[in-house]
Amino acid sequence: MKELLGLVFAVVMGAGAVAQEDLRIDRTRLHVTDPQACAVLESKGIEAFTELDFLALSFEDGIQSMEFHCNFYDVKGRKGSTHLFVDAICEAPGEVYPDILAITPYSETQIQVVSAFDAAMVAAGLFEPNPEVATPGATLYTRCDNLSEITVD
């Protein structure tokens, strides 16, 4: 009986791990920190940044907002893994800094972006941790299935 329970447990745990590994990051789509931004970006383009406070991530343009952006210099994946490793240079008014990002699938429509810089700032007590996720320095982005870029009309 113990062997049967052990086998059932192993199968259930293995199925959960496989299901999680099936999640993929769609690098062709725009991802945003506020899901409402997808519709506003579609209707208003770049003007959406004046209406909502959000970050937009595309693998071609990096991370953008009204007064902040990170340019991606190298995006690396590994065969058999759904995780991505990104080298970036980020800028905010009055500051420029290098950053390293770990990007992983979080759900069917979301990715988790963990910034080494943000994690260090949380550890130092200078940034508040994100209550949505357990990982310090992490931000969730939702995929915009209706957009692949920010329109600038």
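Residues numbered from 1 in each chain as written. Predicted model: local features only at pLDDT ≥ 70, side-chain atom pairs only at ≥ 80, totals over all residues. Heavy atoms only, no water.

Novice: Can you tell me about helix 2 (residues 37-44), naming the residues and giving the values?
Specialist: Owing to its 3.6 residues per turn, the α-helix aligns residues three or four sequence positions apart on the same side. Those residues of helix 2 lying buried are A37, C38, V40 and L41. Against the buried residues of helix 2 lie strand 1 (30-32), helix 3 (48-51) and strand 8 (138-144). Taken from the residues just after helix 2, G45 is the one with a positive phi, measuring 65°. (Buried < 20%, exposed > 50% of the residue type's maximum accessible area, 1.4 Å probe, protein only. Helix = DSSP H or I, 4+ residues; strand = E, 2+ residues; numbered from the N terminus. Contact = heavy atoms within 4.5 Å.)

Novice: A description of the sheet that holds strand 8 should follow, citing residues and the corresponding values.
Specialist: Ordered by their spatial adjacency, eight strands build a closed barrel running 1-2-3-4-5-6-7-8, and the pairing between neighbours is antiparallel. Pairs of neighbouring strands in the sheet enclose a mean axial angle of 30°, with direction left out of account. When strand 2 (residues 56-58) meets strand 3 (residues 62-64), the two strands line up antiparallel, connected through three bridges. Paired with L57 across the strands is I63, a residue of strand 3. (Pairing = 2+ DSSP bridges. Axes fitted to C-alpha atoms, helices over the stretch in contact; angles between N-to-C directions.)

Novice: Please set out the side chain of T142 residue by residue, giving values where relevant.
Specialist: With respect to the secondary-structure elements, T142 resides in strand 8. A relative accessible area of 11% means that T142 is categorised as buried. In this structure the side chain of T142 is engaged in a polar contact, spanning 3.5 Å, whose partner is the side chain of Q110. Leaving out residues up to four positions away in the same chain, T142 has contacts with L30, H31, V32, P35, T109 and Q110. (Polar contact = N/O pair within 3.5 Å; in protein donor to acceptor, adjacent residues only side chain to side chain.)

Novice: Please provide a residue-by-residue account of the pattern of salt bridges, values included.
Specialist: As enumerated under the stated definition, the model contains three salt bridges in all. Among the ionic pairs, K76 bridges to D74, the shortest N-O distance being 3.6 Å. Residue D74 is classed as partly exposed on the basis of its relative accessible area of 29%. Here D145 ties to R143 by a salt bridge, and the two come within 2.5 Å at their closest N and O atoms. Note on D145: relative accessible area 48%, which makes it partly exposed. Given the relative accessible area of 17%, R143 is considered buried. (Salt bridge = Lys/Arg side-chain N within 4 Å of Asp/Glu carboxyl O.)

Novice: Talk me through a nonpolar patch on the surface; I want residue IDs and the actual numbers.
Specialist: On the surface, Y73, I89 and V96 cluster together into a nonpolar patch covering about 310 Å² of accessible area. Mapped onto the secondary structure, V96 falls in strand 6 (residues 95-105). Here V96 falls in the exposed class, since its relative accessible area comes to 56%. (Patch = residues over 30% accessible without salt bridge, like charges linked within 9 Å, V, L, I, M, F, W, Y side chains within 5 Å. Areas by Shrake-Rupley, 256 points an atom, 1.4 Å probe, with all protein chains shown as cover.)

Novice: For the state of the cysteines, give the residues involved together with the corresponding values.
Specialist: Applying the stated criterion across every chain, the model contains two disulfides. A sulfur-sulfur distance of 2.0 Å marks the disulfide that ties C38 to C144. Looking along the S-S bond of the C38-C144 disulfide, the torsion reads about -85°, which is the left-handed sense. Taken together, the residues C38 in helix 2 and C144 in strand 8 connect sequence positions 106 residues apart. Across the pair, exposure class does not vary: C38 and C144 are buried alike. For C70, the disulfide goes to C90, at an S-S distance of 1.9 Å. Handedness here is read from the sign of the S-S torsion; for C70 and C90, about 110°, the answer is right-handed. Of this pair, C70 sits in strand 4 (residues 69-77) while C90 sits in strand 5 (residues 84-92), placing them 20 residues apart in sequence. (Disulfide = S-S within 2.5 Å.)

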